[in-house]
Amino acid sequence: MADLSDFLSDDDSGPLTPESYQKAVDQERLHNARILNQLRLAGGLLFAGVLLVFGRKLPAGGNGELVLVLSYAAVALLLCFFSRNRPRLCLAGGMVVPFLDMPVAAWAQAMGMASTDSQLAVAHFTGGILLCMVLLAAMSLRQWQIYTAAVLGLALEWRLQALADDSPRGFAGTLVLFAAVAAVCLAARKRRVSLAASVCHEQLKRERLGRYFSPQVSAAILEHGDVLKVGLSFEVTVLFADLRGFTSMSETISSEAAVAILNEFLEEMVTAVFEHGGTLDKYLGDGLLAYFGAPLTEPAHADRALSCAVAMKDRMERLNLRRVKRGEPSLQIGIGLHSGLATVGSIGAPHRREYTVVGDTVNLASRIESLTKDYGETIVLTHATVERILPARGFVFRVIGPVPVRGKAQPVVAYALLGKEGKTGNTPAVAS
C-alpha cells in the first residue's frame, strides 16, 4: 500500500533533490548574510560614534583607534552596497567575520589596552566580543566557516591574554569557552539546515498536491495522508470535459497557437474544478478528467460536480467573449457526468505511479461526454447523477432518452442540463 510520501515522490520534478535542498539552504544563507552585513554596518557606525563622542577623553593613541573603526565602518558600508544585488558576494560574507571583524575588534582593543591599568579585564571583555562573532559566523550555515572563526578568534584572544600576562588557567578557560561555543554553533547549524530541508520538502508536497487538488483538499490530505492508499473505493461523480472541434482547428493554426489555446482553456477549467472542491485527475489532450467525492468523502459530490460543470460553461462563455474581441473564433465545450463507485489511489509501476481514478464509472462518464456532440448539448449526465442532485438546487433537465453506449449491454438514460427553474423557458422533463 502506498502512503502520502509514495505519492508525493512521484512528482515530475522528483522527490526532495540535492538541487532543491541546496537552493533552500542557499536562500537561508543569503538572508542571514544580508542581516550580517547590516549588523556589521550598524556596529561599525555605533562604535565610531562612541569614539567620536568620547574622543576628548581618549589619549593620543585613541586617534589611531578612531581611524581604524572609521575605516571598518567604511568597509562595512561598501560591503552592504556592493553585495545588495550580488548573491555570490553576499554569500561570501561569512568569511568576512574571521578575516575582518575579528582582527579589527582585537586590534582596536589591543590599542586601548595600552592606556589602561585593567589590561586583563579588557582582554577578557574582548574574548566575549570574539565569541559573539563566532555566533555571527555560524549564520553562514557552513561548518568550515564556524571552525575558521573559532580557531582565529581563539588565537586572537590568546594573543590579547598574553599581552595582559594572563595565567595558564586563563588560557585553558578561554580554550574551553571557544570550544563550547563552536560546538553549540555546529549543533544549531545542523538544526537550521535540517529545518530548511523540512521546509523545502513541505513546499514540494504542497506544490505537488496543488496540481491536482483544491486548496481545501490539499490541506486535509497533508493532515491525513493515509487517504492516499491504493485501492480505496469511493462513491464519486466523474466529470469529463472536452474542447469541441479542436482537432480540426489545430490543423489550420501553428503549434504555438494551439498550445496557447489549450493553456487558456485548461486554466479556466481547472480553476472551476478547484473552486468546487474537485480533484484534477489528468489532462486528456484537449480535455480533462476530474472527479468529486475523493480522496476525501463528500456526500454532495454530485452537486459539486454539476455546479462545477455550470461554472465551466460560464467560464467558457466569458473566454469566448475575450476571444471574439481579439478576432479569434469561439470555442465549444462538452461536459459529461456520471456517479457511482470507483477505485481511487496511486496506481502504476513502483518507479512511476499516478494518483488516479479507475473503474466502470469512469468509463461510462467518458461515453456520456461523447454524447454532448451527438445531441448538441453542453452538459449531459446520467440518471445516477441526476438522482443524487439535491432538489433544493433547482436544476432543470431534459431527458435525452435511453441511449446505447459502447461497452454497455443496456441503454443508459441520459439527461441534458437546461438550467435552473425560472431561468429557462423549456418544459422540464426532470426538475431536481
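Refer to the structure above for everything that follows.
The notes below deal with the structure included here. (Residues numbered from 1 in each chain as written. Predicted model: local features only at pLDDT ≥ 70, side-chain atom pairs only at ≥ 80, totals over all residues. Heavy atoms only, no water.)

Right, let's talk about the overall build of the chain for a bit. Counting its regular elements, the chain contains 14 helices and nine strands. Here the chain holds 432 residues, and 46% of them are scored as buried. Intrachain contacts of the chain at a sequence separation of at least 6 include 72% that bridge at least 24 residues. Here the chain displays about 21,900 Å² of accessible surface, and carbon together with sulfur accounts for 60% of that area. (Helix = DSSP H or I, 4+ residues; strand = E, 2+ residues; numbered from the N terminus. Buried < 20%, exposed > 50% of the residue type's maximum accessible area, 1.4 Å probe, protein only. Contact = heavy atoms within 4.5 Å. Areas by Shrake-Rupley, 256 points an atom, 1.4 Å probe, with all protein chains shown as cover.)

Their axes nearest at 10 Å, the elements helix α5 (residues 96–113) and helix α6 (residues 119–137) cross at an angle of 170 degrees. The angle between α5 and α6 places the two elements in the roughly antiparallel class. Two packed elements cross with a definite hand, and for α5 against α6 that hand is right-handed. Touching V97, D101, M102, A105, A106, Q109 and M113 of α5 are Q119, V122, F125, T126, I129, L130, M133, V134 and A137, all from α6. (Axes fitted to C-alpha atoms, helices over the stretch in contact; angles between N-to-C directions. Parallel < 35°, antiparallel > 145°, perpendicular 65-115°, else oblique. Left-handed = near helix turned anticlockwise from the far one by under 90°.)

Another aspect to go through is the packing of aromatic side chains. Inspection of the entire model under this criterion finds two aromatic pairs. Aromatic pair W158 and F171: ring centres 6.4 Å apart, planes at 70 degrees, arrangement edge-to-face. Pair noted here: W158 is in helix α7 (residues 143–163) and F171 is in helix α8 (residues 168–210), with a separation of 13 residues, a long-range link. Take W158: its relative accessible area is 33%, and that puts it in the partly exposed class. On the accessibility criterion, F171 (23% relative accessible area) is partly exposed. Where F397 meets Y415, the ring centres are 6.5 Å apart and the plane angle is 70 degrees; that geometry is what we call edge-to-face. Of this pair, F397 sits in strand β7 (residues 395–403) while Y415 sits in strand β8 (residues 412–420), and the two are 18 residues apart along the sequence. By relative accessible area, which is 7% here, Y415 ends up buried. Between the NZ or CZ atom of K420 and the centre of the ring of F395, over which it lies, the distance is 4.9 Å. (Phe/Tyr/Trp six-rings, centres within 6.5 Å; stacked < 30°, edge-to-face > 60°. Lys NZ or Arg CZ within 6 Å of the ring centre and 35° of its normal.)

Attention now goes to the pairing of strand β6 (residues 379–382). Side chains I379 and L381 of β6 all project onto a buried face; the interleaved residues V380 and T382 project onto the opposite face, where all are buried too. As paired strands, strand β4 (residues 332–349) and β6 are joined by three bridges and run parallel to one another. Paired with L337 across the two strands is L381, which belongs to β6. Here β6 pairs with β8 via three bridges, running antiparallel. If you follow L381 over to β8, its bridge partner there is Y415. (Pairing = 2+ DSSP bridges.)

In terms of nonpolar packing, the biggest core is built from 40 residues, with L239, L288, M312, I335, L337 and F397 touching the most fellow members. In terms of residues, this core owes the most to one element, helix α11 (residues 255–275), which gives 10 residues. What L239 contacts, discounting residues up to four positions off in sequence, is L288, L289, A290, F292, A305, C308, A309, M312, I335, G336 and L337. L36, A137, L154 and V181 belong to the second largest nonpolar core, which has 19 residues in total. (Core = buried A, V, L, I, M, F, W, Y, C linked by side-chain atoms within 4.5 Å.)

So, about the packing of α6 against α7. Close contact between α6 and α7 brings their axes to 9 Å; oriented N to C, the two are set at 175 degrees. It follows from the interaxial angle that α6 and α7 lie roughly antiparallel. Where α6 abuts α7, its residues Q119, A123, H124, T126, G127, L130, V134 and A137 lie against Q145, I146, A149, A150, G153, L156, E157, L160, Q161 and L163. Tallied by class, the residues present in the contact of α6 with α7 amount to 10 nonpolar, seven polar and one charged. (Nonpolar A, V, L, I, M, F, W, Y, C, P; charged D, E, K, R; others polar.)

With that settled, the discussion passes to the pattern of salt bridges. As enumerated under the stated definition, the model contains 17 salt bridges in all. In this structure, the salt-bridge partner of R244 is E369, at a minimum N-O distance of 2.8 Å. Of this pair, R244 sits in strand β1 (residues 232–244) while E369 sits in helix α13 (residues 360–375), and the two are 125 residues apart along the sequence. Here D360 and K408 are joined by a salt bridge, their closest N and O atoms 2.6 Å apart. (Salt bridge = Lys/Arg side-chain N within 4 Å of Asp/Glu carboxyl O.)

Moving on to a nonpolar patch on the surface. A cluster of nonpolar side chains, L46, F47 and V50, forms an exposed patch at the surface whose accessible area comes to about 260 Å². Relative to the helices and strands, L46 is located in helix α2 (residues 18–53). The class for L46 is exposed, based on a relative accessible area of 60%. (Patch = residues over 30% accessible without salt bridge, like charges linked within 9 Å, V, L, I, M, F, W, Y side chains within 5 Å.)

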